[in-house]
Each structure stands twice: as structure tokens, then as C-alpha cells.
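# Remarks on the overall topology
Chain by chain, the residues:
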Amino acid sequence: MKILCLVAHPDDETVFAGGTLALLALRGAKVGLVCCTRGEGGEAGEPPLCSRAELGAVREAELRCAARALGCSSVEFLPFRDPDVGTDGSLYPFAPSPEEVVPRIQSIFNAHHPDAVITHGSGGEYGHPAHLLANRACLEAARLSGVPCAYTFSADFEAHPRKRSANRDDPADFVVAVDRTFELKLAAMECHRTQGALFVRRASADAGHPVPLREVVLRVESFRRVATGRATETAAPDMLSLLGDAVRPD
Ligand SMILES: [Zn+2]
């Protein structure tokens, strides 16, 4: 079974779906990553691990490191630049509209013929415009290319461990307990060295006290199944059966 995970920035794949991707790879699926940008506009670390000009290349290498940790077999980048975060903290999409992005994604889907795609949720997790754009463009490309099945991550459920980044309009169809691949997910998080301080800072603010990276990494990941307009009866149970006893309905 071939699965592609499409995200806006290096690190989204690990933060939101890393344990599940690792579990799918461990159980024989061919898992590929597609990243819309190289995260050029993000943070470079505290203290900075590289110059702003080097950040894209450094984050590309970080994503390749994470892909190895998770057992992914391919990494591809779309040719979009991640806009810099505004001085007031404003976030921006990497293209003006999905129309610019959809054909790029379609050409990757048409080359790989994935059985399923995994991408951002309809709320962009915490409303990030680049995540919202990736969600819309990926689902539209999946429909146009006839990908049998699409899933969005960080779907909402009552006991979601990080409500701030749950997609409120995407009720979870299933939740995956990723204890079995937790160490692989943690290793992938550690690959994203430029983002480590940000991960810890956000989680510490949420918790109200300093937390180590190990405690930033979630042990459950949640997904919503999205219709792509194609028959999904054969493909969908396939991915779920690979995840097996790690899945619980929600
Ligand atoms: Zn992101």
C-alpha cells in the first residue's frame, strides 16, 4: 500500500502524524512525504543554528532526517517559498490560492498513484493559513487525481490532548495510539533541531511549566476520513487494518 503525507512545512508530518506514519511503514506500507515549502520563513532556533539564508536548506535536511527516522521511502518538495513570519507574529500562506498549488500536487499524485493521502485538517490546526491552503489544495488534487482515500490529521475528539491544535470542524473517525512507535516519533522530532526551542516553548506555555521535548510529543494521533468522490471501500479498510490494534474508533 502506498501512502503520501502532504504538509505545508518540515515538522508538520512528525508533530501531527509521525507515530502513525512510522507504524504504517513498519507494517509494510510505502510511505512518502510531500512538503509544500522548506520552512524558510520559520525560526532558526534559540540561539539560531544557521543564518536566515541557510534556513531552507537546513530544514530540508531536517525533514530528510525525520523521514529516515519514521521509515519513509521518499521526500519531495513543492517549489513554494514559506513567507517570513510577520514582525507582529502574523502567519502567511505560501501561495495566493489553491489554484496555484493543485496542479503541482496532482503531478506528484499522478506519478505515485497513492492509495491514500494524509494532510492538514480543515481548520489548519491552529488556523495557520499555510496549513489551510495545504488542506484545500491537497484534497482538491486528491479528488481530481482519483486518489481513493484521504485523511486529515489532528481531528477533534473529546480527550484530544492538545485542544489548541485540534480541528474543531473535523470530528475524528479514529484515534491511533502511537506508543509502539513513540521513540521513532521522538527521534524524528529531534531531527527538527531548528524547531526544538519552539516546540518546547509552546508546550511549556500550554502546560504552565517547562516541559522536555519527550513530553511535547503526543502519544495519540487522530484522523478524519474525507470523501474524495471515488469508491473508498477497498482502500480505507486497508490502511486501518495495517494500523490494527493501535486504532480505536472515536
Ligand atoms: Zn506547519
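It should be noted that the structure appears before, not after, this text.
Below or above, wherever it landed, is the structure these notes cover. (Residues numbered from 1 in each chain as written. Predicted model: local features only at pLDDT ≥ 70, side-chain atom pairs only at ≥ 80, totals over all residues. Heavy atoms only, no water.)

### Remarks on the nonpolar core
Inclusion rule: Joining through side-chain atoms within 4.5 Å is the link that ties buried Ala, Val, Leu, Ile, Met, Phe, Trp, Tyr and Cys residues into a set, and such a set is a nonpolar core. The buried label goes to any residue with under 20% of its type's maximum accessible area, the exposed label to any with over 50%, and the partly exposed label to all in between, with areas taken from a 1.4 Å probe on protein chains only. Here a helix means four or more residues in a row that DSSP labels H or I, a strand means two or more in a row labelled E, and each is numbered from the N terminus.
Judged by nonpolar contacts, the single largest core of 36 residues is most densely connected at Leu-24, Ile-118, Tyr-151, Phe-153, Val-176, Phe-223 and Met-239. Looking at this core, the element that brings in the most residues is helix H1 (residues 12–26), giving seven residues. Phe-109, Ala-130, Leu-133 and Val-226 belong to the second-largest nonpolar core, a separate cluster that totals 26 residues.

### Quick word on the side chain of Ser-222
Rules: We define a polar contact as two N or O atoms separated by no more than 3.5 Å, with the added condition that, inside protein, one atom must be a possible hydrogen donor and the other a possible acceptor, whereas residues neighbouring each other in sequence contribute only through side-chain atom pairs. By definition, residues are in contact when any of their heavy atoms lie within 4.5 Å.
Within the secondary structure, Ser-222 sits in strand E9 (residues 220–226). Using a relative accessible area of 2% as the deciding quantity, one classes Ser-222 as buried. Within polar-contact distance, the side chain of Ser-222 engages the backbone oxygen of Ala-155 at 2.6 Å. Not counting residues up to four positions away in its chain, the partners in contact with Ser-222 are Thr-152, Phe-153, Ser-154, Ala-155, Phe-157, His-160, Ala-172, Phe-174 and Val-175.

### Section: the coordination of the zinc ion
Put simply, the rule reads: Note: metal donors comprise N, O and S atoms at 2.8 Å or less from the metal (3.2 Å for Na, K and Ca); water molecules are not included, so apparent gaps in a site are possible. Tetrahedral means four donors with every angle between 85 and 135 degrees, whereas square planar (four donors) and octahedral (six donors) require angles over 155 degrees between opposite donors and between 65 and 115 for all others; sites fitting neither are termed irregular.
Within the protein, the zinc ion binds to His-9 (ND1), Asp-12 (OD), Asp-12 (OD) and His-131 (NE2); these donor distances fall in the range 2.1 to 2.3 Å. Here the zinc ion is ringed by four donor atoms whose angles at the metal span 56 to 142°, and the overall shape comes out irregular. One chain supplies every donor to the zinc ion, and in sequence these donors are spaced H-x2-D-x118-H. Here His-9 matches Asp-12 in class, with each residue buried.

### What to know about the packing of aromatic side chains
As a reminder of what qualifies: Only centres within 6.5 Å qualify two rings of Phe, Tyr or Trp (six-membered ring in Trp) as a pair; their planes then separate them into stacked at under 30 degrees, edge-to-face at over 60, and tilted for everything else. As a reminder, the over-ring test applies to NZ of lysine and CZ of arginine, requiring each to be within 6 Å of the ring centre and within 35 degrees of the ring normal.
Within this structure, the stated rule accounts for four aromatic pairs. Seen in terms of ring centroids, Phe-174 and Phe-223 are 5.6 Å apart; in terms of plane orientation they differ by 25°. Their pairing is stacked. Remark: Phe-223 occurs in strand E9 and Phe-174 occurs in strand E8 (residues 174–177); sequence separation between them is 49 residues. You'll find Phe-174 and Phe-223 in the same group, each marked buried. Among the aromatic residues, those joined into a cluster by ring pairs are Tyr-151, Phe-174 and Phe-223. Over the ring of Phe-77 we find Arg-38; its NZ or CZ atom is 4.5 Å from the centre of that ring. Positioned above the aromatic ring of Tyr-126 is the side chain of Arg-202, whose terminal nitrogen or guanidinium carbon lies 5.1 Å from the ring centre.

### Some words on helix H5 (residues 129–145)
To keep it simple, the criterion reads: Given the number of residues in a helix, its expected span is that number minus one, multiplied by 1.5 Å.
For H5, with 17 residues, the first-to-last C-alpha span of 24 Å sits near the 24 Å given by 1.5 Å per residue. All of the buried residues in H5 are Ala-130, His-131, Leu-133, Ala-134, Asn-135, Ala-137, Cys-138, Leu-139, Ala-141 and Ala-142. In the segment just after H5, Gly-146 is the residue with positive phi, at about 70°.

### Regarding the state of the cysteines
Our working rule: The disulfide criterion is simple: two cysteine sulfur atoms within 2.5 Å.
Summed over all chains, the structure comprises one disulfide. There is a disulfide in this structure between Cys-65 and Cys-191, and the S-S distance comes to 2.0 Å. Handedness of the Cys-65-Cys-191 disulfide follows from its S-S torsion of about -60°: it is left-handed. Here Cys-65, found in helix H2 (residues 55–70), pairs with Cys-191, found in helix H6 (residues 182–191); they are 126 residues apart in sequence, far enough to count as distant. Not part of a disulfide, Cys-35 finds its nearest cysteine sulfur in Cys-36, a span of 6.5 Å. For Cys-35, a relative accessible area of 1% gives the class buried.

### Some remarks on the pairing of E9
In plain terms, the rule: Whether two strands pair depends on DSSP finding at least two bridges between them.
Note that strand E5 (residues 149–153) and E9 share four bridges and pair antiparallel. Following the sheet pairing, Phe-153 is matched in E9 by Phe-223. Note: E8 against E9, four bridges, orientation antiparallel. Its bridge partner lying in E9, Ala-177 is registered against Val-220.

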